[in-house]
Amino acid sequence: FVMAAVGEPPPVGCVDIICEFLEAATHHILFARNVYPRELFQRGRLYNVPIQKSRHPELNEYIKNHIDSMHKWIQQGGLTTVVLLITDKAHAPVERFVFDLQSLASAEEEAAGLAYQAIERSLSAFITKISLSHSSLRPLPQ
């Protein structure tokens, strides 16, 4: 993960939703891009959309620890962008997934009057895009 700072803090209550989304998106991207063997993942649901989540305890802990470490920074407005960087065996970047947290928080702030379901619909659309992106991206190097 690569992080960039400083921005406006998101609305109260949005930070947990953002972190939940980042964690699910990370698992789903790792599955969709075949970073780990498919049998390492199990099917679940988030925002009423099917997602894949790792079953490997060490990978799950690694992802959770990174997301948890971002929580405070997001809450204080000290983190505006998160990048999930996929590298090859030589640690050279081969793909980037960029999450603009200010755009996400702004969308959530606008949707605040529309309730939690509106936020879920927006985030579920993004999870669906992750699934569909696999078919338009070339395979990662082995």
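A brief structural summary.

The rules we used
Residues numbered from 1 in each chain as written. Predicted model: local features only at pLDDT ≥ 70, side-chain atom pairs only at ≥ 80, totals over all residues. Heavy atoms only, no water. Helix = DSSP H or I, 4+ residues; strand = E, 2+ residues; numbered from the N terminus. Buried < 20%, exposed > 50% of the residue type's maximum accessible area, 1.4 Å probe, protein only. Areas by Shrake-Rupley, 256 points an atom, 1.4 Å probe, with all protein chains shown as cover. Contact = heavy atoms within 4.5 Å. Core = buried A, V, L, I, M, F, W, Y, C linked by side-chain atoms within 4.5 Å.

1. Looking at the overall build of the protein chain
Next, step 1: Looking only at helices and strands, the protein chain has 4 helices and 5 strands in total.
Next, step 2: Helices (α) and strands (β) of the protein chain occur, in sequence order from the N terminus, as β-α-β-β-α-β-β-α-α.
Next, step 3: Within the protein chain, the proportion of its 142 residues that are buried is 41%.
Next, step 4: Working note: accessible area of the protein chain is about 8,400 Å², and carbon and sulfur atoms make up 54% of it.

2. What about the side chain of Q52?
Next, step 1: Within the secondary structure layout, Q52 lies in strand β3 (residues 49-54).
Next, step 2: A residue is classified by how much of its surface remains accessible, and Q52, at 13% relative accessible area, is buried.
Next, step 3: Excluding anything up to four places from it in sequence, Q52 contacts H27, H28, F31, F41, Q42 and R43.

3. A few points about the nonpolar core
Next, step 1: Membership of the largest hydrophobic core comes to 34 residues, with the highest contact counts inside it found for F21, L22, I74, F99 and L101.
Next, step 2: The set of elements that each furnish at least two residues to this core consists of α1 (14-32), β2 (41-46), β3, α2 (57-75), β4 (81-87), β5 (93-100) and α4 (116-136).
Next, step 3: Residue contributions to this core peak at 13 residues, all from α1.
Next, step 4: In this structure, L22 is in contact with I67, M70, I74, V82, F99 and L101, ignoring residues within four places of it in sequence.

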